[in-house]
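Each chain is listed here by its residues.
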Amino acid sequence: MSFVYEKLMGGKQGFTGFILLAVILLLAFPLMLDEFRLSLLAKYLTYAFPAISLVLLWGYGGILSLGQGIFFGLGGYGMAMFLKLEASSPENTAIQSTPGIPDFMDWNQITELPWFWEPFSSFPFTILAILILPALFAYIIGAAMFKRRVGGVYFAIITQVIAVILTVLIVGQQGFTGGINGITDLRTLNGWDITSDFAKYVFYFVSCFLLLGVIVISRFILTSKFGRILLAIRDKEDRVRFSGYDVANFKIFIFCFAAVISAIGGAMFTLQVGFMSPSFVGIVPSIEMVIFAAIGGRMSLIGAVYGTLLINFGKTAFSESFPELWLFLMGGLFISVVMFFPNGLAGLWEDYSHHVTKRFVAFKNLFIKKAPATEAVKVKGASS
Amino acid sequence: MSDYTYSELGSILAMQGFAGISLFSVLLLMALGLAIIFGQMGVINMAHGEFMAVGAYTTYFLATLTETYFPAFMPFYFIFAILLAFLVAALLGYFAEFALIRHLYKRPLDTLLATWGLSLIMQQSFRSLFGAREVSPTLPEWLLGSYQPIESIDIPLNGMFVLALTAVVTLGVFYLLFKSSWGLRVRATTQNRVMSGAVGINTKKVDRYTFALGCGIAGIAGAAFTTIASTGPTTGTLYIVDTFMVVVFGGAASLVGTIASAFSIAQAQSILEFFISGSMAKVYTLFALVLILMFKPEGLFASKVRR
Amino acid sequence: MITTTNTDYTLAIEELTVSFDGFKAVDDLNFYLDKNELHVIIGPNGAGKTTVLDLICGKTKATSGSIKFLNKELTTLSEHAIVREGVGRKFQTPSIYENLSVLENLEVSYPYGRGVFGSLMFKRNQKVLDKVHEIAKEIMLDDVLDMESGLLSHGQKQWLEIGMLLIQDPQLLMLDEPVAGMSVKEREQTAELLNKISQGRSVLVIEHDMEFVARIAHKVTVLHQGKILAVGDMETVQNDPKVIEVYLGH
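Residues numbered from 1 in each chain as written. Chains lettered and ligands numbered in written order. Predicted model: local features only at pLDDT ≥ 70, side-chain atom pairs only at ≥ 80, totals over all residues. Heavy atoms only, no water.

**Notes on unusual backbone geometry**
All names here are of chain C.
So, point 1. Of note in the backbone geometry, Asn71 takes a positive phi value of approximately 70° without being a glycine.
So, point 2. Taking relative accessible area as the criterion, Asn71 reaches 30% and is therefore assigned partly exposed.
So, point 3. The phi dihedral of Met140 is positive, around 65°, even though this residue is not glycine.
So, point 4. By secondary structure assignment, the location of Met140 is in the loop between α5 (126-138) and α6 (154-166). (Buried < 20%, exposed > 50% of the residue type's maximum accessible area, 1.4 Å probe, protein only. Helix = DSSP H or I, 4+ residues; strand = E, 2+ residues; numbered from the N terminus.)

**Here's the deal with the interface of chain A and chain B**
So, point 1. Facing 38 residues of chain A, the contacting portion of chain B comprises 39 residues.
So, point 2. Across the chain A to chain B interface the summed buried area is about 3,500 Å²; carbon plus sulfur atoms make up 82%.
So, point 3. The tally of links from chain A across to chain B stands at zero salt bridges.
So, point 4. Taken together, the links from chain A to chain B amount to one residue pair in polar contact (both at pLDDT 80 or more).
So, point 5. Those elements giving two or more residues to the side of chain A that touches chain B turn out to be α6 (123-146), α7 (152-172), α12 (283-296) and α14 (323-339) of chain A.
So, point 6. In terms of residues, the side of chain A that touches chain B owes the most to one element, α7(A), which gives 13 residues.
So, point 7. Across the side of chain A that touches chain B, the residue classes break down as 28 nonpolar, seven polar and three charged. (Contact = heavy atoms within 4.5 Å. Buried area = accessible area lost by both parts, 1.4 Å probe. Salt bridge = Lys/Arg side-chain N within 4 Å of Asp/Glu carboxyl O. Polar contact = N/O pair within 3.5 Å; in protein donor to acceptor, adjacent residues only side chain to side chain. Nonpolar A, V, L, I, M, F, W, Y, C, P; charged D, E, K, R; others polar.)

**Focus on the pairing of strand β2 (residues 23-33) of chain C**
So, point 1. In this sheet, β2(C) lies alongside strand β1 (residues 11-20) of chain C in antiparallel orientation, the contact comprising seven bridges. Each bridged residue has a counterpart across the sheet, and for C:Leu16 the counterpart in β2(C) is C:Leu29. (Pairing = 2+ DSSP bridges.)

**Considerations on the nonpolar core**
So, point 1. Core analysis: the biggest nonpolar cluster contains 272 residues, and A:Leu64, A:Tyr204, A:Phe226, A:Val305, C:Leu106 and C:Leu160 have the highest contact counts within it.
So, point 2. Per element, the largest residue contribution to this core is 19 residues, and it comes from helix α11 (residues 247-273) of chain A.
So, point 3. Setting aside residues up to four positions removed in sequence, A:Phe226 forms contacts with A:Ile221, A:Phe250, A:Phe253, A:Ile254, C:Val116, C:Ser119 and C:Leu120. (Core = buried A, V, L, I, M, F, W, Y, C linked by side-chain atoms within 4.5 Å.)

**Some words on the interface of chain C and chain A**
So, point 1. Taken residue by residue, the interface counts 35 residues in chain C and 23 residues in chain A.
So, point 2. Across the chain C/chain A interface, buried area totals approximately 2,500 Å², and carbon plus sulfur atoms make up 61% of it.
So, point 3. For chain C, the biggest contributors to the area lost against chain A are C:Tyr97, C:Val116 and C:Leu120; these three give 24% of the whole.
So, point 4. A salt bridge links C:Glu107 to A:Arg228, with the shortest nitrogen-to-oxygen separation between them at 3.0 Å.

**A closer look at helix α8 (residues 203-225) of chain B**
Residues spaced three or four apart along an α-helix face the same direction, because each turn holds 3.6 residues.
So, point 1. Between its terminal C-alpha atoms α8(B) stretches 33 Å, which fits the 33 Å expected from 23 residues at 1.5 Å a residue.
So, point 2. The buried count for α8(B) comes to 20 of 23 residues, which makes it a mostly enclosed element. (Expected span 1.5 Å × (residues − 1).)

**Examining the sheet that holds β2(C)**
Residue and element names in this part refer to chain C.
So, point 1. Pairing within the open sheet is antiparallel, and its four strands lie in the order β2-β1-β4-β5. Each edge of the sheet is formed by a strand with only one pairing partner; in this case those strands are β2 and β5 (72-73).
So, point 2. When strand β4 (residues 64-69) meets β5, the two strands line up antiparallel, connected through two bridges. By the bridge assignment, Phe69 is partnered in β5 with Lys72.
So, point 3. Along the sheet, helix α1 (residues 49-57) contacts β1, β2 and β4; its crossing angle with β1, the most-contacted strand, is approximately 110°. (Axes fitted to C-alpha atoms, helices over the stretch in contact; angles between N-to-C directions.)

**Points about the packing of aromatic side chains**
So, point 1. Enumeration according to the criterion identifies 43 aromatic pairs over all chains in this entry.
So, point 2. Ring pairs connect the aromatic residues A:Tyr44, A:Tyr47, A:Phe72, A:Phe269, A:Phe275, A:Phe280, A:Phe292 and A:Phe313, which therefore count as one cluster.
So, point 3. The ring of C:Phe122 has A:Lys225 sitting right over it, with the charged end atom 4.3 Å from the ring centre. (Phe/Tyr/Trp six-rings, centres within 6.5 Å; stacked < 30°, edge-to-face > 60°. Lys NZ or Arg CZ within 6 Å of the ring centre and 35° of its normal.)

**Re the confidence of the model for chain C**
So, point 1. On average, chain C scores 86 in pLDDT, and the residues at 70 or more come to 96%.
So, point 2. Here the predicted complex scores 0.87 on pTM and 0.84 on ipTM. (pLDDT = per-residue confidence, 0-100.)

**Some thoughts on the pattern of salt bridges**
Opposite charge on two side chains allows them to pair when their charged atoms are near.
So, point 1. Counted by the stated rule, this structure contains 23 salt bridges over all chains.
So, point 2. When the shortest N-O distance is used, the salt bridge between B:Arg107 and B:Asp110 registers 2.8 Å.
So, point 3. For B:Arg107, a relative accessible area of 31% corresponds to the partly exposed category.
So, point 4. Classification of B:Asp110 as buried rests on a relative accessible area of 11%.
So, point 5. Across the pair C:Asp54 and C:Arg89 runs a salt bridge, and its minimum N-O distance is 2.8 Å. Placement of the pair is C:Asp54 in helix α1 and C:Arg89 in strand β6 (residues 87-90), with a sequence separation of 35 residues.
So, point 6. The exposure class assigned to C:Asp54 is buried, which follows from its relative accessible area of 12%.
So, point 7. For C:Arg89, a relative accessible area of 3% translates into the label buried.
So, point 8. Among the charged side chains, a network of salt bridges with common partners joins A:Glu237, A:Asp238, A:Arg241 and A:Lys251.

This is the structure:
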């Protein structure tokens, strides 16, 4: 029991936060929100995956990646390729010059399915590809850079360049990838209609469970010795090396793990909205993911989720009433987080919540006729 | 290839070569400002592209003003536009350093993020002031058209103008940094901040002016680019990654490195473009850069400084 | 290529040279360290003392020469591999994990679960806790185990760093100016600590405080401009005319 409580939930604070999040996502939102808002929520929830990956990678590991969109895209495109192949059965594409291949390939005068599309006709392969290919890609990039001690700003810029390379590649090779419009018109998953409202409902809950699962696994990593080493690497890399640790391996591992999490988010995104395009791969979405994590709280797995939802719903709300104001607000908020409260909203909550709970407890005591002296006094400074 | 005569091939080569040099001058002009800021100060300014856009929008503004109120002045306004672009961008840079950058010198990752926030704000300002659509200033007559030394060679005048401007600016920067006393103070501050302060150099002021200078040069670049392409609120983000690559590849601390880097990248891309499609040429060039940087993270010309 | 016969020495440095752009920080150095020996390196600033430690622990790569630790060549190994061989290095400024508690600092340095998967599965069991308590007692920090290490006094931070090395049970312990910034009382305690821990391992110390050196050193080496000026016990070295000139002459 203690294992679950301490290692998977993160002690008292983590446990309450987790339960609260689970209740909100699984019960409150589905009951309170209409279908339209719920589908928006489902979409935003998939953005929370890369945001969480950045908590691990950047908040705890000190490794800023401006290219998590790469992995979000790899997962998303993997799923899209499978769904597209299914939607491009010879019956559906009978009017094409070459039936049986995706429509955009037909438009580009391609007459047979490229070899790297073939395996994606199998669902098990697609799932494996979504989990393994991003990790493999991350491993190559990570090994090449961390073993050479490339870090900090250089690493960030290189991840950005790789995101650009991937975007240009996808857009330029439109015959193979669907180009700038992406892969669209996805219809069924193993025969089951993914465009129906019911399907979207199901995908929402799948995303929720996956997200909660990711949080639990991440918590396990962070509460283990690995997590402490990660923090140590962030703050004093040299010292860790001189304590006998191969620092590069740790960085590579967390980078690969972050890649897989982001890829899962991308795959769920494709399922949820029914398409994938290069506008979710490049530098702008990648930096937005950083913004979600920064504002939610780069040291808080659950904070990152709230941050993602807050920013995205905020964008929607503002775009309706004050479109001009939104970017000003976000830019200003981002700058403020970086300069004044680096642990984001979660950090603010942690710092000031005990004021709130103290008031709450004091208020509560007015109504409970209990002599205050018999109540245990909560000592500040007990670490979590 | 056999469809062309030799002289035609020669002309094509000349024009392609010029295109390569033209790209070189564009990259260099963009990178000079950033090389100063990143190379000399170690500050990552993700809003550098937006400072270029400031220059471009300033040019557009002056063009519109001249066209509306002083049409007779049209042939002359462009030179003033460049100067004004420099001033406006430099002023904004000065203010940005004071309000934002100076608090973050010890934290390069945070500078990167904060300047991205700044770029978002600047983009929205452009949108609010000039609209979301792309704009282009009316160019003076002497910039339009092309130069034809012989019949088959067609060299665009605006390309030549950018080339000349880049040469002037580069020489100016070199002179400023290596021959003037102010440049000496900048280099001293970069190499040893504490000692520079101890001998009476106002390092804070040096930082502020250096940053402003870098932004001002970005402004000039932006003004120059109005001759090549139109400007929109997001134009800055188009340029920023390329610019960073040029600076990082050249070895952030070296101006000569920046020049060599811009040259090799431009030539590589142009030559590749001749053989394969434009987008793949870019992909291969960037890919090669990333590979090289993985093996030599300090870039081409980094000096080995004993910390 | 140096062919040395197998040696009984803990540390055998031969013809070690490192040059930075032509400047020889360490010049053709030959140095030997026995088991259970506490050897102090002294010398004026810039003599190359810290560089020697950097070379041994792998922070700096030698230009030429060999460093053999228990007959294993160190110059070809990476830093963390050298640590795992049994070499511990304490830095001049206390290098501890300020955000972690004293206990966590020691635990992180515990020489088990140092690979990625090992650290994921690492359990803080009784064995680990016992070892942590044992070391904490030796370094006089057993009553502040739960304190955030950033809040310790300067001297205590130095001891914590020594403890983080001790818990790895190294055969060679290298300390760079361990008593810098310490009070008189703390220096005494540190001298006692060092004398105790040099039993069963070799200790190499760089120091400037001559009183402290006299209290702990079995042997002293004087380094000057990257070369050895004198070797011997404290008294011999202190009375060596060359040494006196170098310290008082310039």
